[in-house]
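Each chain, letter by letter, is given below.
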Amino acid sequence: MKKYLILISGIAIQMILGSIYAWSELAILFGTQFGLNSVQTQSIYGVAIGVFAAGTIPAGRLLRKFGPRVLTLCSALLFAGAYALAGFAGDSYPLVFIALGPMLGIAIAAGYVVPLSTATSWFPQIKGTVTGLAVMGFGGGAILAAFVVRSLGASGMGLSSLLTVIGLGGGVVLVIAALIQKYPDEVWWSFKTGSVKHLRIAEVVVRTDFWVLYGTMFLATLGGLLIIGSIGAIGRDFSMGNAAALGVSFLALGNSTGRLIWGSLMDKLGQKAIPLSLAVMSGGFLLLLISPGIAGGQVLFLIAVVITGFQFGASLVLYGAFTERHFGSGAISTVYPLIFTAYGLAALVGPAVGGMIYDALGSYQQIVGIMVAVPILALLLFAARFNGRRQFLVAREEPG
């Protein structure tokens, strides 16, 4: 029973931290109430995701040193403090940027690594499935956050008060979840004694397979991050009417369910699940591109949004599970944080570029068109290195 409570509390952690994926709802309010433009709002979001991704490297090491409870409590304090500071800042862009950019990114990094590592240690035989479950909440949290933002905004609550409510409410949930999180005794003992050896950073970064996987994840998450950060604006740009307002919820629905389904597919299909997911994403972008101006365009738009979220959820599951199997046991808290920085780099590039193009051209159609080809490039890159390999490499394999 204990391990299931730990898994459930891990999903709760991810749901609170995953509220960042409802950013497009907050971005609209920052524009209407605080006068921020698209570049400013998307830069905040991009920096938060970028710092989050980079922060998983030290967070993974701190997790092994101090344990999941301490790290989750740190995440709770930073999360609550970030939103409270942003609420206090009002229309001061520099303070909002600091609070909801780097500060929130650190909070997410500290908490994100905990359920990934603890869940796989309690369920070692189905790592793909439990990884999907653990991070399902990260996508599903956006549905709850979007509902809260819309409901409180419609009730007349100002943005400053809304930010404070999000911070305090999320902080309380994270504190409760922190008290439940722990490793199995034998796993924690192996960390404290150093009896389990893992690849060092210097050993990893000289390997060709590491950089191929890094590039694949960058390309796989680039378009999804752009769409997530701007889905509301894209819906309006594509004249989708009421469907534009549903975009965040449909995207989050695909994102959360995708994490669970793709985690199960990873256990069944192995590495073949990765190129399959990339082909699905390219198809989703294509449907999104052709949705304006055709009969049933709103329905097609929402289908495309669900597919985009569905595949994006795959990226945050498949590459973690693949890393654990490819580089050896424990790699999800040592090697994967390095690969995860590709996601952070994509976050810095995708949303900011999308905001710049929209401000310059007043349209998202060109960038969505480009995104159709990006997952195919990722597919070709991954297949060139890993296709046909019957066995996963282990930590003892020679570099290259």
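Scroll up to find the structure.
Here the structure is a predicted model, which means the values were calculated and not measured. (Residues numbered from 1 in each chain as written. Predicted model: local features only at pLDDT ≥ 70, side-chain atom pairs only at ≥ 80, totals over all residues. Heavy atoms only, no water.)

Chemist: Is there a simple way to explain the packing of helix α11 (residues 242-269) against helix α13 (residues 297-327) in this structure?
Modeler: Helix packing for two helices is described by the angle between their axes and how far apart those axes are. Contact geometry of α11 with α13 gives a least axis separation of 6 Å together with a crossing angle of 35°. Regarding α11 and α13, the two cross each other, and that crossing is right-handed. When the residues that make up the contact of α11 with α13 are grouped by side-chain class, the tally is 20 nonpolar, 12 polar and 3 charged. (Axes fitted to C-alpha atoms, helices over the stretch in contact; angles between N-to-C directions. Helix = DSSP H or I, 4+ residues; strand = E, 2+ residues; numbered from the N terminus. Left-handed = near helix turned anticlockwise from the far one by under 90°. Nonpolar A, V, L, I, M, F, W, Y, C, P; charged D, E, K, R; others polar.)

Chemist: Whenever I open this one, a nonpolar patch on the surface confuses me. Can you help?
Modeler: On the surface, Leu5, Ile8, Val172, Ile176, Leu179 and Ile180 cluster together into a nonpolar patch covering about 560 Å² of accessible area. Contributions of two or more residues to the nonpolar patch are made by α1 (2-17) and α7 (159-178). If you trace the backbone, isoleucine 180 turns up in the loop between α7 and α8 (185-193). On the basis of relative accessible area, isoleucine 180 is assigned to the partly exposed category, the value being 34%. (Patch = residues over 30% accessible without salt bridge, like charges linked within 9 Å, V, L, I, M, F, W, Y side chains within 5 Å. Areas by Shrake-Rupley, 256 points an atom, 1.4 Å probe, with all protein chains shown as cover. Salt bridge = Lys/Arg side-chain N within 4 Å of Asp/Glu carboxyl O. Buried < 20%, exposed > 50% of the residue type's maximum accessible area, 1.4 Å probe, protein only.)

Chemist: Honestly, empty space enclosed by the protein in this entry has me stumped. Any pointers?
Modeler: For the structure on display, the rule yields 2 cavities of 30 Å³ or more. Put simply, the second largest cavity is a space of about 30 Å³. Contributing to the lining of the second largest cavity are Tyr21, Ala142, Ile228, Val248, Leu251, Ala252 and Asn255. Counting residues per element, the lining of the second largest cavity draws most heavily on α11, which supplies 4 residues. Split by residue class, the lining of the second largest cavity holds 6 nonpolar, 1 polar and no charged. (1 Å grid on protein atoms, 1.4 Å probe; cavity = no way out; pocket = protein on both sides within 12 Å on 5 of 7 lines; lining within 4 Å. Points joined across faces, edges and corners; volume = space filled by probe spheres on them.)

Chemist: Even after reading the chapter, I still don't get the packing of aromatic side chains, so can you show me in this structure?
Modeler: How two aromatic rings sit relative to each other is given by the distance of their centres and the angle of their planes. Counting across every chain of the model gives 19 aromatic pairs. Residues tyrosine 112 and phenylalanine 340 carry aromatic rings whose centres are separated by 5.3 Å and whose planes lie at 20° to one another, so their mutual orientation is stacked. You can see tyrosine 112 sitting in helix α5 (residues 93-122) and its partner phenylalanine 340 sitting in helix α14 (residues 336-361), a full 228 residues away along the chain. This pair shows no difference in class: tyrosine 112 is buried, exactly as phenylalanine 340 is. Ring pairs connect the aromatic residues Phe52, Tyr112, Phe312, Tyr336, Phe340 and Tyr343, which therefore count as one cluster. (Phe/Tyr/Trp six-rings, centres within 6.5 Å; stacked < 30°, edge-to-face > 60°.)

Chemist: Got a minute to help me understand the nonpolar core in this structure?
Modeler: Inside soluble globular proteins, nonpolar side chains tend to come together where they are buried. Ile20, Tyr21, Phe30, Leu100, Phe301 and Tyr343 are the most contacted members of the largest nonpolar core, which totals 111 residues. Looking at this core, the element that brings in the most residues is helix α10 (residues 208-237), giving 16 residues. Beyond its immediate sequence surroundings of up to four residues, leucine 100 is in contact with Trp23, Phe30, Ile44, Ala48, Ala82, Tyr83, Ala86 and Leu163. Core analysis: the next-biggest nonpolar cluster, separate from the first, contains 8 residues, Ala59, Leu63, Tyr183 and Val187 among them. (Core = buried A, V, L, I, M, F, W, Y, C linked by side-chain atoms within 4.5 Å. Contact = heavy atoms within 4.5 Å.)

Coordinates in, geometry out; function isn't part of it.
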